[in-house]
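Spelled out, the chains give:
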Amino acid sequence: LRFFEASMQVKKAIEGGKLGKLVLGDCYMKFFRTQAYYDQATWRGTWELDGGGAMMNQGIHGVDLLQWLMGPVRSVYAYTDILAHRDIEVEDTAVAILRFENGALGVIEGTTAVYPEAQQRLEIHGTKGTIMLEGTELTWIKRWNLMERNREPVPETKDREILTGPEAVAALGGMGHKMQIEDMANAVRENRELLVNGEEGRKSLELVLALYQSAREKQEVILSPSPTAT
């Protein structure tokens, strides 16, 4: 999801200080999967082969986008549960509270248990503005409100309904993958670094694993020490 133009526009605005000091960064991933979805493949819903549930399988892309835009996560406190599906080992619902290294707070909600599902939504709030980014298999700007006026064109905001669920994955899911694979091939040809390398990919994995650890241990999990720690 980092490769889409809307995602890059938001990243540029944040890095350019257009939102001021970041205050809140939230990601809402309210998806729906039927019981048949889990029943039709024995690996689904297992720790050994699925690696996790709503956060690790469906939600990892939103988690990655949030931490890329907001910056590294310092700590997480989470709850996970199985609320709507049978015979699965992993969570179908999870919530987490985040503290980012820059001091901002945030929330992640992920589920495969709500009907009808909604488009994934990221909300980035700062002292000088708010940007909302939507899209499960691609991204677009939902809201762009900045305190400071400037001569730069405001990105087009869209209110759109597109496919959701497994149908969206089949119809639209290849677009971001295609751009990422093309970047990998071009990086080899041009002898340059990938736009998203393995170290970057590991960050979202570590965050989800910390979320699971927090839910198991019922306590806050520290991913990195406070910059002011001595």
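Right above here is the structure, for reference.
A short note on the pairing of strand 7 (residues 140-146)
Next, step 1: Pairing of strand 6 (residues 129-134) with strand 7, which is carried by six bridges, proceeds in the antiparallel orientation. Residue Leu 133 lies in a different strand from strand 7, and its bridge partner there is Ile 141.
Next, step 2: The turn joining strand 6 and strand 7, which pair antiparallel and follow one another in sequence, is formed by five residues; a positive phi near 130 degrees is taken by Gly 135.

Quick look at the environment of Val 10
Next, step 1: Within the secondary structure, Val 10 sits in helix 1 (residues 5-15).
Next, step 2: A C-alpha to C-alpha distance of 9.2 Å links Val 10 and Trp 144, two positions 134 residues apart in sequence.

Overview of the pairing of strand 4 (residues 105-111)
Next, step 1: Bridge count between strand 1 (residues 22-30) and strand 4: seven bridges; the pairing is parallel. Bridge pairing in strand 4 places Gly 25 opposite Gly 106.
Next, step 2: Counted along the chain from strand 3 (residues 93-100) to the antiparallel partner strand 4, the turn is four residues long, and its residue Gly 103 has a positive phi close to 100 degrees.

Remarks on the nonpolar core
Grouped burial of nonpolar side chains is what soluble globular proteins tend to show.
Next, step 1: Ranked by size, the top nonpolar core spans 40 residues in total, and within it Met 55, Leu 66, Val 76, Leu 98 and Ile 108 carry the most contacts.
Next, step 2: If one sorts the elements of this core by residue count, helix 4 (residues 60-70) sits on top with seven residues.
Next, step 3: Contact partners of Ile 108, with chain neighbours within four places excluded, come to Cys 27, Met 29, Met 55, Val 63, Leu 66, Ala 94, Val 95, Ala 96, Leu 98 and Leu 207.

Details of helix 4
Next, step 1: With ten of eleven residues buried, helix 4 is to be regarded as a mostly interior element.
Next, step 2: Taken as a whole, helix 4 has its buried residues at Ile 60, Gly 62, Val 63, Asp 64, Leu 65, Leu 66, Gln 67, Trp 68, Leu 69 and Met 70.
Next, step 3: With its phi angle positive at about 100 degrees, Gly 71 sits one or two positions after the end of helix 4.

A few points about the side chain of Arg 44
Next, step 1: Summarising the element assignment, Arg 44 is placed in the loop between helix 2 (35-39) and helix 3 (54-58).
Next, step 2: Salt bridges are absent for the buried Arg 44, whose nearest opposite-charge side chain, Asp 50, sits at 6.5 Å.

Let's talk about the pattern of salt bridges
A side chain of one charge can pair with a side chain of the opposite charge when the charged atoms of the two come close.
Next, step 1: On inspection of all chains with the given rule, the structure shows eleven salt bridges.
Next, step 2: In this structure, Arg 2 and Asp 64 form a salt bridge, with 2.8 Å as the shortest nitrogen-oxygen distance. With a gap of 62 residues between them, Arg 2 in the segment before helix 1 and Asp 64 in helix 4 connect regions that are remote in the sequence.
Next, step 3: Assessed through its relative accessible area of 5%, Arg 2 is described here as buried.
Next, step 4: With a shortest N-O distance of 2.7 Å, Glu 190 and Arg 192 are connected by a salt bridge.
Next, step 5: Overlapping salt bridges, with partners in common, bring together Arg 2, Asp 64, Glu 200 and Lys 203 in one network.

A short note on the packing of aromatic side chains
Next, step 1: Tallied over the full model, the rule gives four aromatic pairs.
Next, step 2: Considering the side-chain rings of Phe 32 and Tyr 115, the 5.1 Å spacing of their centres and the 70 degrees angle between planes classify their relative orientation as edge-to-face. Residue Phe 32 is found in the loop between strand 1 and helix 2, and its partner Tyr 115 is found in the loop between strand 4 and strand 5 (121-126); the two are separated by 83 residues along the sequence.
Next, step 3: Between the aromatic rings of Tyr 77 and Tyr 79, the centroid separation amounts to 5.8 Å while the plane-to-plane angle is 55 degrees, which identifies the pairing as tilted.
Next, step 4: Across the ring face of Tyr 37, the terminal group of Arg 44 is positioned such that the distance to the ring centre comes to 3.9 Å.

Structural notes on the environment of Thr 130
Next, step 1: Position of Thr 130 relative to the elements: it lies in strand 6.
Next, step 2: C-alpha of Thr 130 to C-alpha of Arg 143: the two residues are 13 residues apart in sequence and 7.4 Å apart in space.
Next, step 3: Sequence-distant contacts of Thr 130, that is, excluding residues within four places in its chain, are made with Ile 124, His 125, Arg 143, Trp 144 and Asn 145.
Next, step 4: For Thr 130, the side chain forms a polar contact with the side chain of His 125, separated by 2.9 Å.

Re a nonpolar patch on the surface
Next, step 1: Taken together, Val 23, Leu 24 and Leu 105 make up a surface patch of nonpolar side chains, about 210 Å² in accessible area.
Next, step 2: Tracing the chain through its elements places Leu 24 in strand 1.

Comments concerning the side chain of Thr 139
Next, step 1: Examined against the element boundaries, Thr 139 turns out to sit in the loop between strand 6 and strand 7.
Next, step 2: Here the side chain of Thr 139 touches Ser 7 through a polar contact of 3.0 Å, side chain to side chain.
Next, step 3: Other than its neighbours up to four places away in sequence, Thr 139 contacts Leu 1, Phe 4, Ala 6, Ser 7, Leu 65, Leu 133 and Glu 134.

What counts and what doesn't
- Residues numbered from 1 in each chain as written.
- Predicted model: local features only at pLDDT ≥ 70, side-chain atom pairs only at ≥ 80, totals over all residues.
- Heavy atoms only, no water.
- Pairing = 2+ DSSP bridges.
- Helix = DSSP H or I, 4+ residues; strand = E, 2+ residues; numbered from the N terminus.
- Core = buried A, V, L, I, M, F, W, Y, C linked by side-chain atoms within 4.5 Å.
- Buried < 20%, exposed > 50% of the residue type's maximum accessible area, 1.4 Å probe, protein only.
- Contact = heavy atoms within 4.5 Å.
- Lys, Arg positive; Asp, Glu negative; His and termini not counted.
- Salt bridge = Lys/Arg side-chain N within 4 Å of Asp/Glu carboxyl O.
- Phe/Tyr/Trp six-rings, centres within 6.5 Å; stacked < 30°, edge-to-face > 60°.
- Lys NZ or Arg CZ within 6 Å of the ring centre and 35° of its normal.
- Polar contact = N/O pair within 3.5 Å; in protein donor to acceptor, adjacent residues only side chain to side chain.
- Patch = residues over 30% accessible without salt bridge, like charges linked within 9 Å, V, L, I, M, F, W, Y side chains within 5 Å.
- Areas by Shrake-Rupley, 256 points an atom, 1.4 Å probe, with all protein chains shown as cover.

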